[in-house]
Amino acid sequence: MLLLSDAAVLAAEDADSGRRLQTVLEIASDFAGSGMDRPYADGYMPDVTDGAAHVVLPLRPSDPEAAPETINVSVNLGDPSAPFVFQNYDVQVPLGTVSENSSPIYMIDMHLPLEENAAAGRYPVAFTCSGQAGGRSFSQTFTVYVTVPGEPEDPGEADPGSPDPGPEYSAAPDSGGDFGGEEAGGAGSAGGSGTAAEPTAVPQPKLMIVAQTVSPSPVSAGSRFSLSLTLLNTSSTVPVSNLLVSVDSDSSDVYAPDGQNSAYFPQIRAGGTVSFSAVMTAAAEAEPGPKKILLHAGYDGPSGASYVQDDSVAVQIVQPVRFEVDEPDVPDTIPAGETWALSVNVMNLGRSAIRNVSAQVAAPGIRAQNTLFLGNLDSGTARKGTLYAFVGPKEDAEGQARYGKTSGLLTVSCEDEAGTAYTQELPFALSIEAPVIRSQSTPEPQAEPEPAMHWQTALIAGGALAALGAWLWLRHRAREKTADEDE
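For clarity, every value in this text was computed on a predicted model and none was experimentally measured.

## Here we look at the environment of Met-208
Okay, so step 1: Within the fold, Met-208 resides in strand S13 (residues 207-215).
Okay, so step 2: Classification of Met-208 as partly exposed rests on a relative accessible area of 41%.
Okay, so step 3: Taking the C-alpha atoms as reference, Met-208 lies 9.8 Å from Asp-310; in sequence the two are 102 residues apart.
Okay, so step 4: Those residues in contact with Met-208 that sit more than four places away from it in its chain are Thr-230, Leu-231, Leu-232 and Thr-234.

## A few points about the nonpolar core
Okay, so step 1: Among the nonpolar cores identified, the biggest contains 31 residues, and Phe-225, Leu-243 and Phe-276 are the most heavily contacted of them.
Okay, so step 2: For this core, the secondary-structure elements that each account for two or more residues are S13, strand S15 (224-233), strand S16 (240-249), strand S18 (262-268), strand S19 (273-282), strand S20 (289-300) and strand S21 (306-318).
Okay, so step 3: Here this core gets five residues from one element, more than from any other, and that element is S19.
Okay, so step 4: Filtering out sequence-adjacent residues up to four positions away, Phe-276 remains in contact with Leu-227, Ser-228, Leu-229, Leu-231, Val-245, Val-247, Ala-263, Phe-265 and Leu-295.
Okay, so step 5: Formed by 29 residues, the second largest nonpolar core is a distinct cluster that contains Val-346, Ala-363, Ala-389 and Leu-410.

## Describing the sheet that holds strand S25 (residues 354-362)
Okay, so step 1: The strand order across the open sheet built from five strands is S23-S32-S31-S25-S27, with neighbouring strands paired in mixed fashion. Edge positions in the open sheet fall to strand S23 (333-335) and strand S27 (372-377), since each of these has one partner strand only. Sheet twist, expressed as the average angle between the axes of neighbouring strands with direction ignored, equals 30°.
Okay, so step 2: Examined bridge by bridge, strand S31 (residues 404-415) and strand S32 (residues 421-433) share twelve bridges and lie antiparallel to one another. Note that in S32 the partner of Leu-410 across the bridge is Leu-426.

## A look at the side chain of Asp-300
Okay, so step 1: Structurally, the position occupied by Asp-300 is in strand S20.
Okay, so step 2: At 3.2 Å, the side chain of Asp-300 and the side chain of Ser-306 are in polar contact.
Okay, so step 3: Every residue in contact with Asp-300, bar those within four places of it in the chain, is listed here: Pro-239, Val-240, Ser-241, Asn-242, Ala-305, Ser-306 and Tyr-307.

## A few points about the pairing of S19
Okay, so step 1: Both S15 and S19 contribute to a ladder of nine bridges, which runs antiparallel. Residue pairing across strands places Arg-224 opposite Thr-281, the latter belonging to S19.

## What about unusual backbone geometry?
Okay, so step 1: Here Ser-215 and Pro-216 are connected by a cis peptide whose omega angle stands at -5°.
Okay, so step 2: The topology assignment puts Pro-216 in the loop between S13 and strand S14 (219-220).
Okay, so step 3: A positive phi angle is found at Asn-356, which is not glycine, with a value near 55°.
Okay, so step 4: With respect to the element layout, Asn-356 can be found in strand S25.

## Some points on the pattern of salt bridges
Okay, so step 1: Scanning the entire structure with this criterion turns up two salt bridges.
Okay, so step 2: The partner of Asp-30 in a salt bridge is Arg-60, and the shortest N-O contact between them spans 3.4 Å. Of the two residues, Asp-30 is situated in the loop between strand S3 (25-27) and strand S4 (47-49) and Arg-60 in strand S5 (residues 52-61); the sequence distance between them amounts to 30 residues.
Okay, so step 3: Here Asp-30 falls in the exposed class, since its relative accessible area comes to 58%.
Okay, so step 4: The class of Arg-60 is buried, set by a relative accessible area of 18%.
Okay, so step 5: Residue Asp-253 is joined to Lys-291 by a salt bridge in which the shortest nitrogen-to-oxygen separation is 3.1 Å. Here Asp-253 is found in the loop between S16 and strand S17 (254-255), whereas its partner Lys-291 is found in strand S20, with 38 residues between them in sequence. Grouping residues by exposure puts Asp-253 and Lys-291 together as buried.

How each quantity is defined
- For every chain, the first residue of its written sequence is number 1, and the numbers climb from 1 along that sequence.
- Note on the predicted model: pLDDT of at least 70 is required for a residue's local features to be given, and 80 or more for side-chain atom pairs to be given and counted; whole-chain, interface and lining totals, by contrast, use all residues.
- To obtain the side-chain values, all non-hydrogen atoms of the structure were included, while hydrogens and water were left out.
- Only DSSP runs of H or I with at least four residues qualify as helices, and only runs of E with at least two residues qualify as strands; both kinds are numbered from the N terminus onward.
- For each residue, the accessible area found with a 1.4 Å probe, counting protein chains only, is set against the maximum for its type, and the residue is called buried under 20%, exposed over 50%, and partly exposed in between.
- Note on contacts: a residue pair is in contact if any heavy atoms of the two residues lie within 4.5 Å.
- What makes a nonpolar core is a set of buried Ala, Val, Leu, Ile, Met, Phe, Trp, Tyr and Cys residues whose side-chain atoms join them at distances within 4.5 Å.
- A pair of strands is labelled paired if DSSP reports no fewer than 2 bridges between them.
- Helix axes use the C-alpha atoms of the stretch in contact, all axes being lines fitted to C-alpha atoms, and the angles between their N-to-C directions lie in the range 0 to 180 degrees.
- The term polar contact refers here to a pair of N or O atoms within 3.5 Å; inside protein, the definition further demands a hydrogen-donor-capable atom paired with an acceptor-capable atom, and it admits residues adjacent in sequence only when both atoms are side-chain atoms.
- By definition, a salt bridge exists where a carboxyl oxygen of Asp or Glu is found within 4 Å of a side-chain nitrogen of Lys or Arg.

Put into C-alpha coordinates, the structure is as follows:
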(Lines give C-alpha, C1' and ligand atoms only; values in the text may rest on other atoms or scores of the structure.)
Protein backbone atom coordinates (compact mmCIF):
# COMPACT_ATOMS: atom_id res chain seq x y z
CA MET A 1 0.00 0.00 0.00
CA LEU A 2 1.26 3.48 -0.84
CA LEU A 3 0.01 6.74 0.65
CA LEU A 4 1.34 9.71 -1.28
CA SER A 5 0.65 13.25 -0.14
CA ASP A 6 1.77 16.76 -0.80
CA ALA A 7 1.31 19.99 1.05
CA ALA A 8 -0.13 22.17 -1.66
CA VAL A 9 -3.19 24.04 -0.34
CA LEU A 10 -5.60 26.60 -1.71
CA ALA A 11 -7.89 28.88 0.30
CA ALA A 12 -11.54 27.85 0.26
CA GLU A 13 -14.51 30.13 -0.14
CA ASP A 14 -17.81 30.11 1.70
CA ALA A 15 -20.37 28.92 -0.87
CA ASP A 16 -23.13 31.05 0.67
CA SER A 17 -21.34 34.39 0.98
CA GLY A 18 -18.31 34.08 -1.27
CA ARG A 19 -16.01 35.40 1.50
CA ARG A 20 -12.67 33.88 2.37
CA LEU A 21 -12.56 31.55 5.34
CA GLN A 22 -9.82 31.48 7.92
CA THR A 23 -7.80 28.24 8.07
CA VAL A 24 -7.79 26.66 11.53
CA LEU A 25 -5.62 23.60 10.83
CA GLU A 26 -2.95 22.86 8.26
CA ILE A 27 -0.70 19.88 7.55
CA ALA A 28 2.67 20.15 9.26
CA SER A 29 4.39 19.30 5.99
CA ASP A 30 7.92 19.87 7.34
CA PHE A 31 7.47 17.57 10.32
CA ALA A 32 8.44 13.89 10.56
CA GLY A 33 7.31 12.21 13.76
CA SER A 34 7.27 8.69 15.07
CA GLY A 35 6.16 6.23 12.40
CA MET A 36 7.12 8.58 9.56
CA ASP A 37 10.24 7.94 7.48
CA ARG A 38 10.13 11.46 6.06
CA PRO A 39 7.89 14.59 6.25
CA TYR A 40 5.00 15.14 3.87
CA ALA A 41 7.07 17.76 2.05
CA ASP A 42 9.60 15.08 1.12
CA GLY A 43 7.04 12.50 -0.01
CA TYR A 44 6.07 10.66 3.19
CA MET A 45 4.68 7.18 2.61
CA PRO A 46 3.03 5.21 5.43
CA ASP A 47 4.37 1.93 6.68
CA VAL A 48 2.24 -1.06 5.59
CA THR A 49 2.62 -4.21 7.68
CA ASP A 50 0.43 -7.10 8.83
CA GLY A 51 -2.48 -6.20 6.56
CA ALA A 52 -2.94 -2.64 7.81
CA ALA A 53 -1.84 0.86 6.87
CA HIS A 54 -0.17 2.93 9.57
CA VAL A 55 -1.29 6.48 8.74
CA VAL A 56 0.25 9.48 10.50
CA LEU A 57 -1.27 12.90 9.84
CA PRO A 58 0.32 15.81 11.77
CA LEU A 59 -1.83 18.94 11.88
CA ARG A 60 -0.63 22.34 13.11
CA PRO A 61 -3.02 25.08 14.32
CA SER A 62 -2.69 28.30 12.37
CA ASP A 63 -3.22 30.28 15.58
CA PRO A 64 -1.77 28.42 18.59
CA GLU A 65 -3.22 31.00 21.00
CA ALA A 66 -6.81 30.19 19.92
CA ALA A 67 -6.25 26.47 19.36
CA PRO A 68 -8.51 24.07 21.34
CA GLU A 69 -6.93 21.58 23.71
CA THR A 70 -8.43 18.68 21.75
CA ILE A 71 -10.09 18.16 18.38
CA ASN A 72 -12.61 15.52 17.36
CA VAL A 73 -11.47 13.33 14.49
CA SER A 74 -13.83 11.08 12.53
CA VAL A 75 -12.75 8.77 9.72
CA ASN A 76 -14.77 8.14 6.56
CA LEU A 77 -13.48 5.12 4.66
CA GLY A 78 -15.60 5.93 1.63
CA ASP A 79 -17.71 3.47 -0.32
CA PRO A 80 -18.55 0.14 1.37
CA SER A 81 -16.70 -1.60 -1.45
CA ALA A 82 -13.42 -0.14 -0.17
CA PRO A 83 -11.03 -2.81 1.16
CA PHE A 84 -10.90 -1.49 4.72
CA VAL A 85 -12.35 -3.12 7.80
CA PHE A 86 -15.26 -0.81 8.56
CA GLN A 87 -15.59 0.10 12.23
CA ASN A 88 -15.67 3.17 14.42
CA TYR A 89 -12.32 4.96 14.26
CA ASP A 90 -13.50 8.26 15.80
CA VAL A 91 -11.06 9.67 18.36
CA GLN A 92 -10.19 12.83 20.26
CA VAL A 93 -6.67 14.09 19.57
CA PRO A 94 -4.96 16.45 22.04
CA LEU A 95 -2.69 19.33 21.13
CA GLY A 96 0.85 18.44 22.20
CA THR A 97 4.50 19.27 21.80
CA VAL A 98 6.32 16.37 20.18
CA SER A 99 9.80 17.87 20.34
CA GLU A 100 11.58 20.85 21.85
CA ASN A 101 12.11 22.53 18.50
CA SER A 102 8.60 22.01 17.07
CA SER A 103 5.42 23.98 17.55
CA PRO A 104 2.33 22.27 19.09
CA ILE A 105 0.81 19.63 16.81
CA TYR A 106 -2.31 17.47 16.71
CA MET A 107 -0.83 14.06 15.92
CA ILE A 108 -3.36 11.78 14.20
CA ASP A 109 -1.88 8.28 14.32
CA MET A 110 -4.09 5.41 13.14
CA HIS A 111 -3.85 1.81 11.96
CA LEU A 112 -6.46 1.03 9.30
CA PRO A 113 -6.87 -2.76 8.88
CA LEU A 114 -7.53 -4.18 5.43
CA GLU A 115 -9.86 -6.97 4.48
CA GLU A 116 -8.26 -10.21 3.38
CA ASN A 117 -7.45 -10.29 -0.34
CA ALA A 118 -7.97 -6.55 -0.61
CA ALA A 119 -8.43 -5.48 -4.22
CA ALA A 120 -5.74 -3.29 -5.72
CA GLY A 121 -6.70 0.30 -6.38
CA ARG A 122 -6.75 3.79 -4.99
CA TYR A 123 -9.27 4.65 -2.25
CA PRO A 124 -10.00 7.99 -0.56
CA VAL A 125 -9.94 8.19 3.23
CA ALA A 126 -11.35 11.37 4.78
CA PHE A 127 -10.29 12.66 8.22
CA THR A 128 -12.84 15.21 9.48
CA CYS A 129 -11.52 17.42 12.29
CA SER A 130 -13.89 19.61 14.29
CA GLY A 131 -13.97 21.63 17.47
CA GLN A 132 -14.14 25.14 18.93
CA ALA A 133 -11.52 27.77 18.13
CA GLY A 134 -11.73 31.38 19.20
CA GLY A 135 -15.27 30.83 20.49
CA ARG A 136 -16.57 29.54 17.16
CA SER A 137 -17.14 26.09 15.69
CA PHE A 138 -15.02 24.77 12.86
CA SER A 139 -14.91 21.63 10.75
CA GLN A 140 -12.19 20.67 8.26
CA THR A 141 -11.83 17.51 6.22
CA PHE A 142 -8.45 16.19 5.05
CA THR A 143 -8.73 13.54 2.33
CA VAL A 144 -5.82 11.23 1.57
CA TYR A 145 -5.70 8.56 -1.10
CA VAL A 146 -4.68 5.07 -0.11
CA THR A 147 -3.29 2.90 -2.88
CA VAL A 148 -3.41 -0.84 -2.53
CA PRO A 149 -0.61 -2.31 -4.70
CA GLY A 150 -1.16 -5.19 -7.08
CA GLU A 151 -2.96 -5.81 -10.34
CA PRO A 152 -5.99 -3.50 -10.52
CA GLU A 153 -9.33 -5.20 -11.08
CA ASP A 154 -10.62 -2.41 -13.29
CA PRO A 155 -8.72 -1.08 -16.31
CA GLY A 156 -9.37 2.43 -15.09
CA GLU A 157 -7.52 1.90 -11.80
CA ALA A 158 -4.23 3.71 -11.44
CA ASP A 159 -0.92 1.90 -11.75
CA PRO A 160 0.59 1.68 -8.25
CA GLY A 161 3.79 3.06 -9.66
CA SER A 162 2.19 6.18 -11.03
CA PRO A 163 2.09 9.40 -8.97
CA ASP A 164 -0.87 9.65 -6.57
CA PRO A 165 -2.57 12.96 -5.85
CA GLY A 166 -1.59 14.70 -2.68
CA PRO A 167 -3.76 15.14 0.37
CA GLU A 168 -6.95 17.04 -0.18
CA TYR A 169 -8.81 18.83 2.54
CA SER A 170 -11.91 20.95 2.53
CA ALA A 171 -13.79 23.03 5.06
CA ALA A 172 -17.45 22.87 5.99
CA PRO A 173 -18.36 25.60 8.53
CA ASP A 174 -20.83 24.53 11.20
CA SER A 175 -24.12 26.35 11.60
CA GLY A 176 -22.77 28.48 14.42
CA GLY A 177 -19.27 29.20 13.13
CA ASP A 178 -17.38 31.24 10.58
CA PHE A 179 -14.24 29.15 10.66
CA GLY A 180 -13.48 26.92 7.72
CA GLY A 181 -10.52 25.30 6.12
CA GLU A 182 -8.75 25.05 2.87
CA GLU A 183 -9.22 22.71 -0.01
CA ALA A 184 -6.29 20.97 -1.60
CA GLY A 185 -5.46 21.73 -5.14
CA GLY A 186 -4.61 19.21 -7.78
CA ALA A 187 -1.06 20.50 -8.01
CA GLY A 188 1.81 18.10 -8.14
CA SER A 189 4.21 16.64 -5.63
CA ALA A 190 5.35 17.93 -2.28
CA GLY A 191 8.36 19.45 -3.91
CA GLY A 192 6.09 21.72 -5.94
CA SER A 193 6.99 20.34 -9.34
CA GLY A 194 3.62 21.43 -10.70
CA THR A 195 2.77 18.03 -12.16
CA ALA A 196 -1.02 17.79 -12.55
CA ALA A 197 -2.76 15.18 -10.39
CA GLU A 198 -4.82 12.66 -12.25
CA PRO A 199 -8.61 12.81 -11.68
CA THR A 200 -10.04 10.50 -9.06
CA ALA A 201 -13.40 8.77 -8.92
CA VAL A 202 -15.65 10.40 -6.33
CA PRO A 203 -17.83 7.98 -4.35
CA GLN A 204 -21.59 8.46 -4.43
CA PRO A 205 -22.81 10.76 -1.65
CA LYS A 206 -25.41 8.92 0.41
CA LEU A 207 -28.44 10.36 2.22
CA MET A 208 -29.65 9.00 5.54
CA ILE A 209 -32.75 9.72 7.63
CA VAL A 210 -31.46 10.88 11.02
CA ALA A 211 -34.66 12.28 12.59
CA GLN A 212 -38.38 11.61 12.25
CA THR A 213 -41.34 13.38 13.85
CA VAL A 214 -45.02 12.46 13.49
CA SER A 215 -47.66 14.83 14.83
CA PRO A 216 -50.01 13.81 16.30
CA SER A 217 -48.75 10.39 17.28
CA PRO A 218 -50.20 7.82 17.11
CA VAL A 219 -52.21 8.80 14.05
CA SER A 220 -55.95 8.36 14.33
CA ALA A 221 -57.60 6.82 11.25
CA GLY A 222 -59.65 9.37 9.34
CA SER A 223 -57.41 12.31 10.29
CA ARG A 224 -54.48 14.27 8.84
CA PHE A 225 -50.99 14.24 10.29
CA SER A 226 -47.64 15.89 9.67
CA LEU A 227 -44.53 13.84 8.91
CA SER A 228 -41.21 15.67 9.38
CA LEU A 229 -37.91 14.12 8.26
CA THR A 230 -34.29 15.26 8.56
CA LEU A 231 -31.82 14.00 5.93
CA LEU A 232 -28.06 13.87 6.41
CA ASN A 233 -25.50 13.95 3.61
CA THR A 234 -23.23 11.24 4.98
CA SER A 235 -20.31 12.28 2.78
CA SER A 236 -17.84 14.55 4.56
CA THR A 237 -16.33 15.76 1.29
CA VAL A 238 -18.95 15.63 -1.46
CA PRO A 239 -21.97 17.99 -1.57
CA VAL A 240 -25.37 17.11 -3.00
CA SER A 241 -27.30 19.37 -5.37
CA ASN A 242 -30.76 19.52 -6.97
CA LEU A 243 -32.34 17.31 -4.33
CA LEU A 244 -35.99 16.46 -4.97
CA VAL A 245 -37.50 14.37 -2.18
CA SER A 246 -41.03 12.98 -1.86
CA VAL A 247 -42.96 10.67 0.43
CA ASP A 248 -45.76 8.25 -0.38
CA SER A 249 -47.35 5.06 0.95
CA ASP A 250 -47.39 1.52 -0.38
CA SER A 251 -51.09 1.10 0.49
CA SER A 252 -54.35 3.03 0.31
CA ASP A 253 -54.44 3.31 4.11
CA VAL A 254 -52.19 6.40 3.98
CA TYR A 255 -52.03 8.97 1.19
CA ALA A 256 -50.88 12.53 0.52
CA PRO A 257 -53.75 14.94 -0.22
CA ASP A 258 -53.36 17.88 -2.56
CA GLY A 259 -49.85 16.82 -3.60
CA GLN A 260 -48.28 18.14 -0.39
CA ASN A 261 -45.69 15.39 -0.29
CA SER A 262 -42.52 16.71 -1.96
CA ALA A 263 -39.79 19.30 -1.45
CA TYR A 264 -36.83 20.68 -3.42
CA PHE A 265 -33.41 21.74 -2.09
CA PRO A 266 -30.75 23.34 -4.30
CA GLN A 267 -27.87 21.89 -2.27
CA ILE A 268 -26.82 19.95 0.86
CA ARG A 269 -23.24 20.65 1.82
CA ALA A 270 -20.92 17.81 2.76
CA GLY A 271 -21.96 16.52 6.18
CA GLY A 272 -24.96 18.86 6.17
CA THR A 273 -28.64 18.23 6.85
CA VAL A 274 -32.01 19.41 5.54
CA SER A 275 -35.48 19.00 7.01
CA PHE A 276 -38.89 18.99 5.39
CA SER A 277 -42.49 18.20 6.34
CA ALA A 278 -45.33 16.57 4.44
CA VAL A 279 -49.03 16.54 5.27
CA MET A 280 -50.66 13.12 4.87
CA THR A 281 -54.01 11.51 5.63
CA ALA A 282 -54.86 8.18 7.23
CA ALA A 283 -57.96 6.65 5.64
CA ALA A 284 -60.97 6.19 7.91
CA GLU A 285 -61.08 2.47 7.15
CA ALA A 286 -57.34 1.93 7.69
CA GLU A 287 -56.45 -1.15 9.67
CA PRO A 288 -54.68 -0.35 12.94
CA GLY A 289 -50.92 -0.97 13.12
CA PRO A 290 -47.67 0.36 11.64
CA LYS A 291 -47.83 1.65 8.07
CA LYS A 292 -44.80 2.05 5.82
CA ILE A 293 -44.11 5.50 4.38
CA LEU A 294 -41.80 5.45 1.36
CA LEU A 295 -39.13 8.12 0.85
CA HIS A 296 -37.83 8.75 -2.70
CA ALA A 297 -34.88 11.07 -3.29
CA GLY A 298 -33.27 12.12 -6.57
CA TYR A 299 -30.16 14.32 -6.61
CA ASP A 300 -26.94 15.19 -8.45
CA GLY A 301 -23.35 14.56 -7.43
CA PRO A 302 -20.38 16.91 -7.88
CA SER A 303 -19.62 15.73 -11.39
CA GLY A 304 -23.21 16.07 -12.58
CA ALA A 305 -23.99 12.39 -12.11
CA SER A 306 -27.60 11.69 -11.11
CA TYR A 307 -28.47 9.41 -8.24
CA VAL A 308 -31.69 7.91 -6.90
CA GLN A 309 -32.14 6.67 -3.35
CA ASP A 310 -35.17 5.09 -1.61
CA ASP A 311 -35.85 4.60 2.08
CA SER A 312 -38.84 4.13 4.36
CA VAL A 313 -40.19 4.98 7.81
CA ALA A 314 -43.11 3.59 9.82
CA VAL A 315 -46.15 5.46 11.15
CA GLN A 316 -48.44 3.94 13.78
CA ILE A 317 -52.14 4.07 12.85
CA VAL A 318 -54.91 3.53 15.40
CA GLN A 319 -58.64 3.36 14.91
CA PRO A 320 -60.51 5.90 17.07
CA VAL A 321 -62.14 4.35 20.11
CA ARG A 322 -65.96 4.58 20.15
CA PHE A 323 -67.82 2.93 23.00
CA GLU A 324 -71.12 3.65 24.75
CA VAL A 325 -72.48 2.81 28.18
CA ASP A 326 -76.18 2.40 28.91
CA GLU A 327 -77.60 4.90 31.37
CA PRO A 328 -77.49 3.30 34.83
CA ASP A 329 -80.82 2.25 36.36
CA VAL A 330 -80.71 4.23 39.62
CA PRO A 331 -83.62 4.11 42.14
CA ASP A 332 -84.91 7.33 43.65
CA THR A 333 -84.22 6.22 47.24
CA ILE A 334 -82.19 3.52 48.94
CA PRO A 335 -82.34 2.84 52.71
CA ALA A 336 -79.01 2.99 54.48
CA GLY A 337 -77.58 -0.40 55.35
CA GLU A 338 -78.59 -2.10 52.11
CA THR A 339 -76.43 -3.37 49.21
CA TRP A 340 -77.06 -1.71 45.87
CA ALA A 341 -76.67 -3.89 42.73
CA LEU A 342 -75.93 -1.65 39.71
CA SER A 343 -76.09 -3.20 36.22
CA VAL A 344 -73.51 -1.89 33.67
CA ASN A 345 -73.69 -2.54 29.90
CA VAL A 346 -70.78 -1.48 27.60
CA MET A 347 -70.99 -1.51 23.77
CA ASN A 348 -67.98 -1.23 21.41
CA LEU A 349 -69.05 0.81 18.37
CA GLY A 350 -65.55 1.29 16.88
CA ARG A 351 -63.66 -0.60 14.18
CA SER A 352 -61.00 -2.01 16.51
CA ALA A 353 -61.07 -3.91 19.78
CA ILE A 354 -61.02 -2.17 23.12
CA ARG A 355 -59.12 -3.77 25.98
CA ASN A 356 -59.25 -3.96 29.77
CA VAL A 357 -62.77 -2.58 30.06
CA SER A 358 -63.62 -1.84 33.71
CA ALA A 359 -66.22 0.12 35.69
CA GLN A 360 -66.31 1.82 39.10
CA VAL A 361 -68.94 3.71 41.08
CA ALA A 362 -68.29 6.44 43.64
CA ALA A 363 -70.49 8.87 45.60
CA PRO A 364 -70.72 10.18 49.18
CA GLY A 365 -72.37 7.42 51.20
CA ILE A 366 -71.89 4.83 48.41
CA ARG A 367 -69.04 2.43 49.16
CA ALA A 368 -68.18 0.18 46.19
CA GLN A 369 -67.54 -3.44 47.13
CA ASN A 370 -65.81 -4.32 43.82
CA THR A 371 -64.45 -3.02 40.51
CA LEU A 372 -66.30 -4.51 37.60
CA PHE A 373 -63.87 -5.97 35.01
CA LEU A 374 -65.36 -6.82 31.60
CA GLY A 375 -62.10 -7.68 29.76
CA ASN A 376 -61.67 -7.12 26.01
CA LEU A 377 -64.49 -6.24 23.61
CA ASP A 378 -64.16 -6.85 19.89
CA SER A 379 -65.65 -4.45 17.37
CA GLY A 380 -69.46 -4.55 17.37
CA THR A 381 -69.83 -6.49 20.64
CA ALA A 382 -71.30 -5.65 24.06
CA ARG A 383 -70.89 -7.02 27.57
CA LYS A 384 -72.86 -6.61 30.80
CA GLY A 385 -71.88 -6.95 34.44
CA THR A 386 -73.00 -5.92 37.94
CA LEU A 387 -71.39 -3.56 40.42
CA TYR A 388 -72.16 -3.97 44.13
CA ALA A 389 -72.00 -1.09 46.60
CA PHE A 390 -72.91 -0.70 50.30
CA VAL A 391 -75.23 2.22 51.03
CA GLY A 392 -74.54 4.12 54.25
CA PRO A 393 -74.97 7.62 55.67
CA LYS A 394 -72.94 10.55 54.39
CA GLU A 395 -70.57 12.29 56.75
CA ASP A 396 -70.55 16.05 57.16
CA ALA A 397 -67.55 18.20 57.98
CA GLU A 398 -67.81 17.26 61.68
CA GLY A 399 -67.98 13.57 60.86
CA GLN A 400 -71.68 13.30 61.73
CA ALA A 401 -73.90 10.92 59.80
CA ARG A 402 -76.31 12.61 57.45
CA TYR A 403 -79.01 11.27 55.17
CA GLY A 404 -80.66 12.67 52.07
CA LYS A 405 -79.57 13.54 48.53
CA THR A 406 -76.23 12.31 47.17
CA SER A 407 -74.69 12.30 43.68
CA GLY A 408 -71.75 10.53 42.08
CA LEU A 409 -70.22 9.04 38.93
CA LEU A 410 -70.23 5.71 37.17
CA THR A 411 -66.80 5.61 35.43
CA VAL A 412 -66.06 3.17 32.60
CA SER A 413 -62.41 2.86 31.42
CA CYS A 414 -60.71 1.02 28.54
CA GLU A 415 -57.59 1.03 26.33
CA ASP A 416 -57.05 0.94 22.57
CA GLU A 417 -54.62 -1.28 20.65
CA ALA A 418 -51.73 1.12 21.36
CA GLY A 419 -52.39 1.21 25.11
CA THR A 420 -53.93 4.70 25.20
CA ALA A 421 -56.49 4.99 28.00
CA TYR A 422 -60.05 6.29 27.56
CA THR A 423 -62.79 6.97 30.13
CA GLN A 424 -66.49 7.77 30.08
CA GLU A 425 -68.26 9.19 33.13
CA LEU A 426 -72.00 8.95 33.73
CA PRO A 427 -73.41 11.07 36.59
CA PHE A 428 -76.25 9.84 38.83
CA ALA A 429 -78.20 11.07 41.89
CA LEU A 430 -80.35 9.39 44.55
CA SER A 431 -81.55 9.85 48.13
CA ILE A 432 -80.25 7.82 51.06
CA GLU A 433 -82.94 7.18 53.68
CA ALA A 434 -82.39 6.52 57.35
CA PRO A 435 -82.71 2.84 58.26
CA VAL A 436 -85.96 1.61 60.04
CA ILE A 437 -85.08 0.55 63.63
CA ARG A 438 -87.81 -1.18 65.83
CA SER A 439 -87.94 -0.41 69.59
CA GLN A 440 -87.34 -3.44 71.94
CA SER A 441 -89.99 -2.19 74.57
CA THR A 442 -92.94 -2.47 72.22
CA PRO A 443 -94.63 -5.92 72.59
CA GLU A 444 -95.17 -7.87 69.49
CA PRO A 445 -98.93 -8.14 68.59
CA GLN A 446 -100.45 -11.58 69.27
CA ALA A 447 -102.07 -13.42 66.42
CA GLU A 448 -105.83 -14.25 66.79
CA PRO A 449 -106.56 -18.04 67.02
CA GLU A 450 -108.41 -19.45 64.11
CA PRO A 451 -112.07 -20.51 64.91
CA ALA A 452 -111.65 -23.86 63.21
CA MET A 453 -112.02 -26.99 65.49
CA HIS A 454 -109.25 -29.46 65.57
CA TRP A 455 -110.07 -33.05 64.60
CA GLN A 456 -109.15 -34.32 68.04
CA THR A 457 -111.86 -32.18 69.65
CA ALA A 458 -114.44 -33.31 67.11
CA LEU A 459 -113.61 -36.96 67.79
CA ILE A 460 -114.04 -36.58 71.55
CA ALA A 461 -117.34 -34.75 71.15
CA GLY A 462 -118.65 -37.40 68.77
CA GLY A 463 -117.75 -40.18 71.23
CA ALA A 464 -119.53 -38.39 74.07
CA LEU A 465 -122.71 -38.01 72.01
CA ALA A 466 -122.62 -41.68 71.03
CA ALA A 467 -122.24 -42.75 74.67
CA LEU A 468 -125.07 -40.47 75.72
CA GLY A 469 -127.34 -41.93 73.02
CA ALA A 470 -126.48 -45.50 74.05
CA TRP A 471 -127.21 -44.67 77.68
CA LEU A 472 -130.59 -43.19 76.82
CA TRP A 473 -131.50 -46.21 74.68
CA LEU A 474 -130.58 -48.67 77.43
CA ARG A 475 -132.58 -46.73 79.94
CA HIS A 476 -135.62 -46.73 77.70
CA ARG A 477 -135.33 -50.51 77.23
CA ALA A 478 -135.04 -51.03 80.96
CA ARG A 479 -138.26 -49.11 81.61
CA GLU A 480 -140.15 -51.09 79.00
CA LYS A 481 -139.00 -54.35 80.58
CA THR A 482 -140.12 -53.30 84.04
CA ALA A 483 -143.54 -52.34 82.73
CA ASP A 484 -144.06 -55.77 81.15
CA GLU A 485 -143.15 -57.53 84.31
CA ASP A 486 -145.71 -55.53 86.30
CA GLU A 487 -148.49 -56.55 84.02
